[in-house]
2 protein chains.
Amino acid sequence: MRVKCIVSYDGTQFSGYQVQPNKRTVQSEIENSLLKLHKGQAVKIYASGRTDAQVHALGQVFHFDTHLTIPKEKWPYALNSLLPDDISIKEAVYVDDDFHSRFHALKKEYRYQINTAKIQDVFKRHYMYHFPYHLDVDLMRKASQYLCGTHDFTSFCVAKTEVEDKVRTIFSIDIVKKDSDIIFSFIGNGFLYNMVRILVGTLLEVGQGIRTPESIPAVIKGRDRGLSGKTVPGHGLYLWKVYYDN
Amino acid sequence: MRVKCIVSYDGTQFSGYQVQPNKRTVQSEIENSLLKLHKGQAVKIYASGRTDAQVHALGQVFHFDTHLTIPKEKWPYALNSLLPDDISIKEAVYVDDDFHSRFHALKKEYRYQINTAKIQDVFKRHYMYHFPYHLDVDLMRKASQYLCGTHDFTSFCVAKTEVEDKVRTIFSIDIVKKDSDIIFSFIGNGFLYNMVRILVGTLLEVGQGIRTPESIPAVIKGRDRGLSGKTVPGHGLYLWKVYYDN
């Protein structure tokens, strides 16, 4: 039977999602728990995609195959009792054997959280990027309109990325300000390596008046990482939701 | 010159406020920063009161004396640049030489945060007590009315407390529910050792129907720690604000 899980994790203490030798990763913690539950039999999990060190997830999705016949509503409790307290399985359902968390993902939503207060809030230090500068939200919204749509996002991904096709579609970018917090939400059909963090870094420069909204099309057209803004830190980023058909 | 500071800290990684040998404490971190700022001269700080291990603060207050003539608005930056990132000085003002953070405190506000969701939210695990049970908020509000006022709170403090006078006044107890979170706010003229955590533990038993609101007066009158509820964990507790006459 194939099980699809929605998992939340606090990325602070992880070297990212994917297994790496001698590093604490989300994947290795979950696979260790499944190993125990399956009495020593290794179970590999497949996620919708990787997340980097310090990056959080509210709705990461993974699947695995099992011979255990646990009712779907019991899976979260069975796994959470074996998982460390910075990973939590929120939901599990049985799916068809051909379901794939990565290949069947239609849309992904990422959020990036910034706090602009002059003095850092200790309770946000691992969960929001502290950026204590004035930002013009309207200018950032205007710039984000140029980023939406189908484009070659070469300028917005790590230069050494191996992926050949850098064309992606961003369906929407929402920017919400509440008090001194600014939350960016991106929904797209997929995102390149570091793409959300470079998009935010570029939008912050627009918000500060360092570049104009109207300069964005040339950055996209240039297909050169050197044309876009800085990569903002991982700890403000959340894999918020992965959308599937149904 | 005497300086009064408002400080916020994330209690997760501290063995409490007060200096203890070989332990990481809030007081020792702040005194170490002041030592550096005063080029090796020890500066002792005096807080409004202690907080326990894992207990947080939004508005703890302390004072100290200094010969440095730093403008008041620069003090937070000077200290925060030397402090670890789980302590943040939010405000500093110069006060009269007879001001005392502890003796002049008129009222204190503590908050206790609970999350009642069935599955623990990883982002709340250090900041709210996970209590996944149904709670009747109206019953807890009714019980809290019996706790407000001036009483001998012997039943609500650690049995071995050395303080002679256990009479305190609680001005208000507010209980707010938002989604699966419940926030208790206590304002009083002072609180005994573990008092807020025992008050909350007792209110939770009322909310679960284990004891009635009407049973509270007898618990107070009994002056016996054995009559009240459990002590809830420190990580849900916040020293929210200290009130002074000014």
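Residues numbered from 1 in each chain as written. Chains lettered and ligands numbered in written order. Predicted model: local features only at pLDDT ≥ 70, side-chain atom pairs only at ≥ 80, totals over all residues. Heavy atoms only, no water.

Draft legend 1. Main features of the relation of the copies chain A and chain B. Note on the copies: chain A fits chain B at an RMSD of 0.0 Å, the axial shift is 0.0 Å, and the rotation between them is 180°. Classification of the inter-copy transformation places it as that of a two-fold axis. It is Phe123(A) whose C-alpha, among those of chain A, lies nearest the rotation axis, at 5.2 Å. Mapped onto chain B, 100% of the interface residues of chain A are again interface residues, and the two copies thus contact each other with one and the same surface. (Least-squares fit on C-alpha atoms with pLDDT ≥ 70 in both. Contact = heavy atoms within 4.5 Å.)

Draft legend 2. Seen up close, helix 4 (residues 195-207) of chain A. Residues and elements named next belong to chain A. Look at helix 4: 18 Å from first C-alpha to last across 13 residues, which is about the 18 Å you get at 1.5 Å a residue. Most of helix 4 sits out of view: 13 of its 13 residues are buried. Phi for Gly-209, located one or two positions after helix 4, is positive at around 85°. (Helix = DSSP H or I, 4+ residues; strand = E, 2+ residues; numbered from the N terminus. Expected span 1.5 Å × (residues − 1). Buried < 20%, exposed > 50% of the residue type's maximum accessible area, 1.4 Å probe, protein only.)

Draft legend 3. Spotlight on the pairing of strand 9 (residues 181-188) of chain B. Residues and elements named next belong to chain B. Within strand 9, 8 of the 8 residues are buried, which leaves the element mostly enclosed by the surrounding structure. Here strand 9 shows two buried faces, one formed by Asp-181, Ile-183, Ser-185 and Ile-187 and the other by Ile-182, Phe-184, Phe-186 and Gly-188. As judged from the 8 bridges shared by strand 5 (residues 107-115) and strand 9, these two strands associate in the antiparallel manner. Pairing of Tyr-110 across the sheet is with Phe-186, part of strand 9. Pairing of strand 8 (residues 167-178) with strand 9 involves 8 bridges; the strand directions are antiparallel. Directly across from Asp-174, in strand 9, lies its bridge partner Ser-185. (Pairing = 2+ DSSP bridges.)

Draft legend 4. Seen up close, the UniProt feature "binding site: substrate" (unreviewed entry) in chain A. All names here are of chain A. Within the UniProt annotation, "binding site: substrate" (unreviewed entry) is assigned to Tyr-110. Along the chain, Tyr-110 falls in strand 5 (residues 107-115). Excluding residues that lie within four positions of it along the chain, Tyr-110 makes contacts with Arg-50, Phe-184, Ser-185, Phe-186, Phe-191, Val-196, Leu-237, Tyr-238, Leu-239 and Trp-240. (UniProt positions renumbered as here; feature names shortened; annotations may be inferred.)

Draft legend 5. Main features of the packing of helix 3 (residues 137-147) of chain A against helix 4 of chain A. All names here are of chain A. Orientation of helix 3 relative to helix 4, taken along the N-to-C sense of each, is 135°, at an axis distance of 8 Å. With respect to each other, helix 3 and helix 4 are oriented oblique. Considering how the two elements wind past one another, helix 3 and helix 4 form a crossing that is right-handed. For the pair formed by helix 3 and helix 4, the contact residues are Leu-139, Met-140, Ala-143, Ser-144 and Leu-147 on the first element and Leu-199, Leu-203, Leu-204, Val-206 and Gly-207 on the second. Classifying every residue of the contact of helix 3 with helix 4 by side-chain character gives 8 nonpolar, 2 polar and no charged. (Axes fitted to C-alpha atoms, helices over the stretch in contact; angles between N-to-C directions. Parallel < 35°, antiparallel > 145°, perpendicular 65-115°, else oblique. Left-handed = near helix turned anticlockwise from the far one by under 90°. Nonpolar A, V, L, I, M, F, W, Y, C, P; charged D, E, K, R; others polar.)

Draft legend 6. Up close: the UniProt feature "domain: Pseudouridine synthase I TruA alpha/beta" (unreviewed entry) in chain A. Residue and element names in this part refer to chain A. As recorded in UniProt, the feature "domain: Pseudouridine synthase I TruA alpha/beta" (unreviewed entry) lies at residues 6-103 and 143-245. Note that residues 6-103 is 18% helix and 26% strand, and that its end C-alpha atoms are spaced 16 Å apart. What you have in residues 143-245 is 24% helix and 30% strand, and the ends, taken at the C-alpha atoms, are 30 Å apart.

Draft legend 7. A look at the side chain of Arg125(B). In this fold, Arg125(B) is placed in the loop between strand 5 and strand 6 (129-130). Looking at Arg125(B), its side chain comes within polar contact range of the main-chain oxygen of Val122(B), at 2.8 Å. When near neighbours in sequence (up to four residues on either side) are disregarded, Arg125(B) contacts Asp10(A), Asp85(A), Asp86(A), Tyr127(A), Gln120(B) and His235(B). (Polar contact = N/O pair within 3.5 Å; in protein donor to acceptor, adjacent residues only side chain to side chain.)

Draft legend 8. Examining the interface of chain A and chain B more closely. Across the contact, 23 residues belong to chain A and 23 residues belong to chain B. Together chain A and chain B conceal approximately 1,700 Å² of surface at their shared face, both sides included; 62% is due to carbon and sulfur atoms. Sorting the residues of chain A by area buried against chain B places Ile119(A), Phe123(A) and Arg125(A) first, and these three jointly supply 38% of that buried surface. Counting across the interface, chain A meets chain B through 4 salt bridges. A salt bridge links Arg125(A) to Asp10(B); the nearest nitrogen and oxygen atoms lie 2.9 Å apart. On the surface where chain A and chain B come into contact, there are 6 residue pairs in polar contact (both at pLDDT 80 or more). Contributions of two or more residues to the side of chain A that touches chain B are made by strand 1 (2-9), strand 3 (56-65), helix 2 (75-80) and strand 4 (87-95) of chain A. Here the side of chain A that touches chain B gets 4 residues from one element, more than from any other, and that element is strand 4 of chain A. The residue makeup of the side of chain A that touches chain B, split by class, is 12 nonpolar, 5 polar and 6 charged. (Buried area = accessible area lost by both parts, 1.4 Å probe. Salt bridge = Lys/Arg side-chain N within 4 Å of Asp/Glu carboxyl O.)

Draft legend 9. Just the packing of aromatic side chains, in detail. With the rule as written, the count across this model stands at 22 aromatic pairs over all chains. With a centroid separation of 6.1 Å and 65° between ring planes, the pair formed by Tyr238(A) and Trp240(A) is classed as edge-to-face. Here Tyr238(A) falls in the buried class, since its relative accessible area comes to 4%. Note that Lys44(B) overlies the ring of Tyr46(B), its terminal NZ or CZ placed 5.4 Å from the centroid. (Phe/Tyr/Trp six-rings, centres within 6.5 Å; stacked < 30°, edge-to-face > 60°. Lys NZ or Arg CZ within 6 Å of the ring centre and 35° of its normal.)

Draft legend 10. Quick look at the domain arrangement of chain A. All names here are of chain A. Along its sequence, chain A is organised into domain 1 (2-95) and domain 2 (107-243). Placing the centre of domain 1 and that of domain 2 at their C-alpha centroids yields a distance of 27 Å. The interface is formed by 16 residues belonging to domain 1 together with 15 residues belonging to domain 2. Carbon and sulfur atoms make up 57% of the area that domain 1 and domain 2 hide from each other, which totals about 1,200 Å². (Domains from an automatic or database assignment.)

Draft legend 11. Seen up close, the environment of Ala78(B). Inspection of the secondary structure assignment puts Ala78(B) in helix 2 (residues 75-80). Considered as a pair, Ala78(B) and Ile89(B) are 11 residues apart in the sequence and their alpha carbons are 9.4 Å apart.

Draft legend 12. Layout of the pairing of strand 5 of chain A. Residues and elements named next belong to chain A. Among the 9 residues in strand 5, 7 count as buried, and that is most of the element. Relative to strand 10 (residues 237-243), strand 5 runs antiparallel, the two sharing 6 bridges. When the sheet's bridge partners are listed, Glu-109 is paired in strand 10 with Lys-241. The pairing of strand 5 with strand 6 (residues 129-130) spans 2 bridges and is parallel. Paired with Asn-115 across the two strands is His-130, which belongs to strand 6.

Draft legend 13. View of the environment of Tyr127(B). As for its position among the elements, Tyr127(B) is in the loop between strand 5 and strand 6. Classification of Tyr127(B) by relative accessible area gives buried; the value is 10%. Along the primary structure Tyr127(B) and Ile114(B) are separated by 13 residues, whereas in three dimensions their C-alpha atoms are 8.6 Å apart. Once residues lying within four places of it in the same chain are set aside, the contact partners of Tyr127(B) are Phe123(A), Arg125(A), Tyr127(A), Asp10(B), Thr12(B), His56(B), Gln113(B), His235(B), Gly236(B) and Tyr238(B).

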